[in-house]
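# Chain and residue survey
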Amino acid sequence: MIKIQDVIVPTKGTAKYFNLLALNLPLPGTTASFYWSIHTEVTVPAAESDEQPTKEPGASILDGNIAMTSEEYAQWGTDDTYAIDWALTKLGFTKLTV
């Protein structure tokens, strides 16, 4: 999952993670469709007393489908970060750099 700038979803919570799953990649390809979701963050208690708790993705609080046009698909190439960055931009979410 990709860490994103906080997205507040009224009555559901604050999302801190983004996930993208390819649904349809016909071959030969001219388009692609994806399922996206944003997730809360949960604190996982430390397993040992000398360890710190960790934070990880929690429940999905908003999701949907998104599809590339043939022009967008043609720009994809071999780097899958293109698809992630494309979806984040289309949906208006901002990736955080750690």
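Above this text sits the structure in question.
One structure accompanies this document, and this report is about it. (Residues numbered from 1 in each chain as written. Predicted model: local features only at pLDDT ≥ 70, side-chain atom pairs only at ≥ 80, totals over all residues. Heavy atoms only, no water.)

## Observations regarding the nonpolar core
The cut-off we apply is this: Only buried residues count toward a nonpolar core, which is a set of Ala, Val, Leu, Ile, Met, Phe, Trp, Tyr and Cys residues joined through side-chain atoms within 4.5 Å. For each residue, the accessible area found with a 1.4 Å probe, counting protein chains only, is set against the maximum for its type, and the residue is called buried under 20%, exposed over 50%, and partly exposed in between. The helix and strand labels rest on DSSP assignments: H or I over at least four residues marks a helix, E over at least two residues marks a strand, and numbering proceeds from the N terminus. Contact between two residues is taken to exist if any of their heavy atoms lie within 4.5 Å; hydrogens are not considered.
The biggest cluster of nonpolar side chains holds 20 residues, and the ones touching the most others in it are Phe-18, Phe-34, Ile-38 and Met-68. Among the elements of the structure, strand S1 (2–9), strand S2 (13–24), strand S3 (33–44), strand S4 (54–67) and helix H2 (81–91) are those that each provide at least two residues to this core. When sequence neighbours within four positions are dropped, the list of residues in contact with Met-68 reads Thr-31, Ala-32, Phe-34, Tyr-73, Trp-76, Tyr-82, Ala-83 and Trp-86.

## Thoughts on unusual backbone geometry
A positive phi is found at Thr-11, a non-glycine position, where the angle reads about 70°. Residue placement: Thr-11 occurs in the loop between S1 and S2. On the accessibility criterion, Thr-11 (84% relative accessible area) is exposed.

## Focus: the pattern of salt bridges
What counts, and what does not: For this document, the term salt bridge refers to a Lys or Arg side-chain nitrogen within 4 Å of an Asp or Glu carboxyl oxygen.
Tallied over the entire structure, the rule returns four salt bridges. Residues Glu-72 and Lys-90 are paired through a salt bridge, measuring 2.8 Å at the closest nitrogen-oxygen approach. With Glu-72 in helix H1 (residues 70–74) and Lys-90 in helix H2, this residue pair connects regions lying 18 residues apart in the sequence. According to the relative accessible area criterion, Glu-72 is buried, its value standing at 12%.

## Quick notes on the packing of aromatic side chains
As a reminder of what qualifies: Any two rings among Phe, Tyr and Trp, with Trp reduced to its six-membered ring, count as a pair given centres within 6.5 Å; such a pair is stacked if its planes are under 30 degrees apart, edge-to-face if over 60, and tilted if neither.
Per the stated rule, a full pass over the model turns up five aromatic pairs. Each ring, one from Phe-34 and one from Trp-86, has its centre 5.7 Å from the other, and the planes form 50°; the classification is tilted. Placement of Phe-34 in strand S3 and of Trp-86 in helix H2 is noted, with a sequence separation of 52 residues between them. The same class applies to Phe-34 as to Trp-86, namely buried. Centroid distance Tyr-73 to Trp-76: 5.8 Å. Interplanar angle 85°. Geometry classified as edge-to-face.

## Section: the side chain of Ser-37
Along the polypeptide, Ser-37 turns up in strand S3. Exposure remark for Ser-37: the relative accessible area of 2% places this residue in the buried category. If sequence neighbours within four positions are ignored, Ser-37 has contacts with Tyr-17, Phe-18, Asn-19, Ser-60, Leu-62 and Asp-63.

All quantities given are derived from atomic positions and should not be read as evidence of function.
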